[in-house]
Amino acid sequence: MFFDSWYDLARILVVGIFAYAGLIGLLRLTGKRTLARMNAFDFIVTVAFGSTLATVLLSSEVSLAEGLLALGLLCGLQFAVAWASVRWEGFQDLVKAQPSLLFYRGRMIDERLRLERVTRDEILAAVRAQGHAGLEAVEAVVLETDGSFSVVAGAGDDAAGSLRNVRGTPAQF
């Protein structure tokens, strides 16, 4: 339970070093976007990286070559999805959520809050976290595709540009 063999410890050390180096190499080849925190799809891939690396390190039934192939496959798929998303809007809509407007010009958008399962208190917390004392100074609060909140300070009509692709934005934009 506490110790099986020196071989197992040495295997974890050697495989861990090579798997880590291999993962770093793969991530450098596929670019910064591979681990970007952009949407649910990216989060899933990041979790899969961690799970695969842990399996390679701790399971003697998975060889280093198999683990590196699995990591390479994940990097390749992430690269392919990012590449396709940039080129085809329909594909992007399939794998990426759209930001949602939750608060706009002094009014909570209750329908959108319910749909996104966000409470009014969470909106207020996001506003406070951005250093605003109250909603009066806030033009809009947006739930971004990665689950974070963006608080747009009182920008008047200048907010139109940054809210253009946000679901639930008033028709005047």
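The notes below deal with the structure included here. (Residues numbered from 1 in each chain as written. Predicted model: local features only at pLDDT ≥ 70, side-chain atom pairs only at ≥ 80, totals over all residues. Heavy atoms only, no water.)

Topic: the overall build of the protein chain
Threshold: Under the scheme used here, helices are H or I runs from DSSP no shorter than 4 residues and strands are E runs no shorter than 2 residues, and both carry numbers assigned from the N terminus. Exposure classes here rest on a 1.4 Å probe applied to the protein chains alone. A residue is buried below 20% of its type maximum, exposed above 50%, and partly exposed in between. Whether two residues are in contact is decided by their heavy atoms, any of which lying within 4.5 Å being enough. Note on areas: these come from Shrake-Rupley sampling with a 1.4 Å probe, and a residue is covered only by the protein chains present in the view.
Within the protein chain one finds 7 helices and 4 strands. Each helix and strand of the protein chain, placed in order from N terminus to C terminus, yields the pattern α-α-α-α-β-β-α-α-β-β-α. Per-residue burial over the protein chain gives 33% buried out of 173 residues. Taking the intrachain contacts of the protein chain between residues at least 6 apart in sequence as the baseline, contacts between residues at least 24 apart amount to 57%. Of the roughly 11100 Å² that the protein chain leaves accessible, carbon and sulfur atoms contribute 62%.

Section: the sheet that holds strand β2 (residues 107–108)
The test is simple: Strand pairing follows a simple DSSP-based rule, namely that at least 2 bridges must link the two strands.
Taken in spatial order, the 4 strands of this open sheet run β2-β1-β3-β4, and their pairing is antiparallel. Only two strands of the sheet have a single partner each, and these edge strands are β2 and β4 (149–153). With 5 bridges connecting them, strand β3 (residues 138–143) and β4 associate as antiparallel partners. Its bridge partner being in β4, V141 is matched across the sheet by V151.

Quick word on the packing of helix α2 (residues 40–58) against helix α3 (residues 64–87)
Spelled out, the test is: Lines fitted to C-alpha atoms define the axes here, with helix axes fitted over just the stretch in contact, and angles between the N-to-C directions of these axes take values from 0 to 180 degrees. Should an angle fall under 35 degrees it is called roughly parallel, over 145 degrees roughly antiparallel, and 65 to 115 degrees roughly perpendicular, with every other angle called oblique. Residues were grouped as follows: Ala, Val, Leu, Ile, Met, Phe, Trp, Tyr, Cys and Pro as nonpolar; Asp, Glu, Lys and Arg as charged; and all remaining residues, including Gly, as polar.
For the pair α2 and α3, the least separation of the axes is 9 Å and the interaxial angle reads 175°. The angle between the axes of α2 and α3 places the two elements in the roughly antiparallel class. Contacts from F41, D42, V45, A48, F49, T52, L53 and V56 of α2 reach α3 at L64, G67, A70, L71, L74, C75, Q78 and V81. Residues belonging to the contact of α2 with α3 are distributed by class as follows: 12 nonpolar, 3 polar and 1 charged.

With respect to the environment of G16
Of note, G16 is situated in helix α1 (residues 6–30). Between the C-alpha atoms of G16 and L58, which are 42 residues apart in sequence, the distance is 9.1 Å. Dropping the residues within four chain positions of it, G16 is found in contact with R11 and L57.

Observations concerning the environment of A153
With respect to the secondary-structure elements, A153 resides in strand β4. In this structure A153 comes out as partly exposed when scored by relative accessible area, which is 38%. Apart from the residues within four sequence positions on either side, A153 is in contact with H132, A137, V138 and E139.

Thoughts on α3
Our working rule: Under the convention used throughout, the expected extent of a helix is 1.5 Å for every residue step, that is, one less than its residue count.
An ideal rise of 1.5 Å per residue puts 34 Å on 24 residues; α3 measures up with 34 Å between its terminal C-alpha atoms. Of all the positions in α3, only G67, L71, L74, C75, Q78, V81, A82, A84 and S85 are classed as buried. Here the buried face of α3 lies against α1, α2 and α4 (89–95).

Describing the packing of aromatic side chains
Cut-off, in case you're wondering: Centres within 6.5 Å are what make two rings of Phe, Tyr or Trp a pair, Trp counting through its six-membered ring; a difference in plane orientation under 30 degrees is then read as stacked, over 60 as edge-to-face, and the rest as tilted.
Taken as a whole and assessed by the stated rule, the structure comprises 2 aromatic pairs. Summarising the aromatic geometry, the rings of F3 and W6 are spaced 5.2 Å apart at their centres and angled 65° between planes, so their arrangement reads as edge-to-face. On the basis of relative accessibility, which here comes to 44%, the residue F3 falls in the partly exposed class. Assessed through its relative accessible area of 67%, W6 is described here as exposed.

Notes on unusual backbone geometry
Trans is the prevailing form of peptide bonds, just as negative phi is the prevailing case for residues other than glycine. Located in the positive-phi region is R105, a residue other than glycine, with phi close to 45°. Taking the relative accessible area as the measure of exposure, R105 reaches 35% and is therefore partly exposed.

Observations concerning the pattern of salt bridges
The line we're drawing: By definition, a salt bridge exists where a carboxyl oxygen of Asp or Glu is found within 4 Å of a side-chain nitrogen of Lys or Arg.
In this structure the tally under the stated criterion is 2 salt bridges. The partner of R105 in a salt bridge is E139, with the nearest N and O atoms 2.5 Å apart. In this pair, R105 sits in the loop between β1 (100–104) and β2 while E139 sits in strand β3, placing the two residues 34 residues apart along the sequence.

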